[in-house]
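Chain by chain, the residues run as shown.
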Amino acid sequence: MAAEMVDPRSDSTTGSGEGAEGVTDGEPFDPAFALHRGGKMAVQATVPVRDRDDLSLAYTPGVAKVCSAIAEKPELVHDYTWKSQVVAVVTDGSAVLGLGDIGPEASLPVMEGKAILFKQFGGVDAVPIALDCRDVDEIVETVARFAPSFGGVNLEDISAPRCFEIERKLQERVDIPIFHDDQHGTAVVTLAALRNAAKLTDRALGQLRAVISGAGAAGVAIARILTEAGIGDVAVCDRKGVVSQDREDLTDVKREVAGFTNKAQLTGSLEAALDGADVFIGVSGGTVPEDAVSKMAPGAFIFAMANPNPEIHPDVAHRYAAVVATGRSDFPNQINNVLAFPGIFAGALQVRASRITEGMKLAAAEALAAVVADELSADKVIPSPFDDRVAPAVTAAVAAAARAEGVARR
């Protein structure tokens, strides 16, 4: 469907006729295109420029005093520019939502969306940046060169395994937080929901054995944070089955994962690993047979987060699980990254953190879980993204953890 068919509010002429009922060129009006017409963002000044005096302060000659002060004392950049209030949302368009490798231009609507979520849910300004390059070192070099303009960088929709190396190399180059949300945002929200599911059923994380379907960015990050949080055991599965140390086909990242997961030394298929498992976490797509689900431990937790089709449909999951979560907004317990990344960045920016540590992520998960800790039910182990308590709780927890971990600069 062409974008020209969509905005009955626009009086621009594009060669397409629009009917009274929002139909263009014989096609029905599409509200998604209408909303995106002209983009979803704009830049707005925070100071007035009404007259010559305003102009002389906002620009020359007044601005020269501020520039000179920053040149003499670089840390003043945080006080006299937007640096400590703004994040770059960076992608190469290689792994966009469920659309895959669609390129930088096609990724921009998603990056704009991410930016407005930063503002709406965390009060953080964000700028979408789509890069026309795929080489790891080129991306790192590009982002490192524009990093002085920002207080943090949110890496978004970059395919694995490159995303791991890009994040690591960038954090080594710059002294502002580098955060790949597909990894860590998903992991934080998953841990928060799992903590509350365990609390609801009077269990501890250390009593649970989890199976993760998917060894990409999200799966690896979830395995790491669950291990840090003290999960009893966790096995990660890719298309060939359990990621185990006896496999000779593992990438460097998967070999590392095999080293800190799978205490039970499971081998074989995902279905076999689910036998007796307490937790299923899906970040891969595909479908898990009901027969395999039926062999999970009594009172299991099923977090099937693939969109739009969960690996285990909730109707099936509810037959065997005490708590069911998905990535969808039309079912209870949505594992939604927007619960995490706005508050995490708001907290990091508040204290001018140089990085986001594992301790800060764990603190974010604990704070997020605590928001609904007194309201728990099988259909409420995680807050709604529209719960006004979420961002302040996560922001405060992350800021405190940054100070405790020695990465805060204020």
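As the structure is a computational prediction, the values presented were derived from the model and not from experiment. (Residues numbered from 1 in each chain as written. Predicted model: local features only at pLDDT ≥ 70, side-chain atom pairs only at ≥ 80, totals over all residues. Heavy atoms only, no water.)

Asks: Even after reading the chapter, I still don't get the overall build of the protein chain, so can you show me in this structure?
Replies: In terms of helices and strands, the protein chain carries 16 helices and 10 strands. Scaling as 2.2 N^0.38, a compact globule of 410 residues should have a C-alpha radius of gyration of about 22 Å, and the protein chain matches this with 23 Å. Principal axes of the C-alpha set define a box for the protein chain whose edges measure 75 × 60 × 45 Å. Taken over 410 residues, the protein chain has a buried fraction of 51%. (Helix = DSSP H or I, 4+ residues; strand = E, 2+ residues; numbered from the N terminus. Rg over C-alpha atoms; globule rule 2.2 N^0.38 Å. Buried < 20%, exposed > 50% of the residue type's maximum accessible area, 1.4 Å probe, protein only.)

Asks: Which parts of the structure should I look at to understand the UniProt feature "domain: Malic enzyme NAD-binding" (unreviewed entry) in the protein chain?
Replies: UniProt marks residues 183-403 with the feature "domain: Malic enzyme NAD-binding" (unreviewed entry), using the numbering shown here. Helix makes up 41% of residues 183-403 and strand 13%. Its end C-alpha atoms lie 23 Å apart. (UniProt positions renumbered as here; feature names shortened; annotations may be inferred.)

Asks: Looking at this structure, how should I read helix α14 (residues 341-350)?
Replies: Because each turn of an α-helix spans 3.6 residues, side chains separated by three or four positions in sequence point in the same direction. In terms of residue burial, α14 counts as a mostly covered element, since nine of its 10 residues are buried. For α14, the full list of buried residues reads F341, P342, G343, I344, F345, A346, G347, A348 and L349. Of the residues trailing α14, R352 is marked for its positive phi of about 55°.

Asks: Is there a simple way to think about the layout of surface pockets in this case?
Replies: Over the atoms a probe the size of a water molecule is rolled, and this reveals where empty space is left. In this structure, the second largest pocket spans a volume of roughly 920 Å³. Lining of the second largest pocket is provided by 27 residues; of these, V43, Q44, A45, T46 and W82 occupy positions nearest its centre. When residues of the lining of the second largest pocket are assigned to their parent elements, the largest contribution, four residues, is made by strand β2 (residues 125-130). Counted by class, the lining of the second largest pocket contains 19 nonpolar, four polar and four charged residues. (1 Å grid on protein atoms, 1.4 Å probe; cavity = no way out; pocket = protein on both sides within 12 Å on 5 of 7 lines; lining within 4 Å. Points joined across faces, edges and corners; volume = space filled by probe spheres on them. Nonpolar A, V, L, I, M, F, W, Y, C, P; charged D, E, K, R; others polar.)

Asks: Can you walk me through the sheet that holds strand β6 (residues 233-238) in this structure?
Replies: As a general point, the strands of a sheet are linked pairwise by backbone hydrogen bonds and lie either parallel or antiparallel. With respect to topology, six strands assemble into an open sheet ordered β7-β6-β5-β8-β9-β10, the strand pairing being mixed. Looking at the sheet topology across the chains shown, the edges are occupied by β7 (241-242) and β10 (321-326). Pairing geometry for strand β9 (residues 300-304) and β10, over five bridges, is parallel. If you follow F303 over to β10, its bridge partner there is A325. (Pairing = 2+ DSSP bridges.)

Asks: Is there a simple way to explain the sheet that holds β2 in this structure?
Replies: Spatially, the four strands line up as an open sheet ordered β2-β1-β3-β4, and their pairing is parallel. Every interior strand has two partners, whereas the edge strands, β2 and β4 (178-180), have only one. Within the sheet, the average angular offset between the axes of one strand and its neighbour, ignoring direction, is 25°. Judged from the three bridges that link them, strand β3 (residues 152-155) and β4 form a sheet pairing that is parallel. Considered in β4, the bridge of V153 is made with I178. Running over the sheet, helix α5 (residues 103-122) touches β1 (86-91), β2 and β3 and is turned about 170° from β2. Sitting on the sheet, α14 touches β1, β3 and β4, and the angle it makes with β3 is about 160°. (Axes fitted to C-alpha atoms, helices over the stretch in contact; angles between N-to-C directions. Contact = heavy atoms within 4.5 Å.)

Asks: Would you explain empty space enclosed by the protein in this entry?
Replies: Enumeration over the complete set of coordinates arrives at two cavities of 30 Å³ or more. In this model, the largest cavity occupies a volume close to 50 Å³. For the largest cavity, the full set of lining residues is P314, H318, V324, F331, P332, N333, A378 and D379. When grouped by side-chain class, the residues that make up the lining of the largest cavity number five nonpolar, two polar and one charged. Space inside the second largest cavity adds up to approximately 40 Å³. H78, S84, G151, I176, L349, R352, A353 and R409 are the residues that line the second largest cavity. Class assignment of the residues belonging to the lining of the second largest cavity gives a composition of three nonpolar, three polar and two charged. A domain split of the lining of the second largest cavity shows at least three residues from each of domain 1 (82-176) and domain 2 (182-409). (Domains from an automatic or database assignment.)

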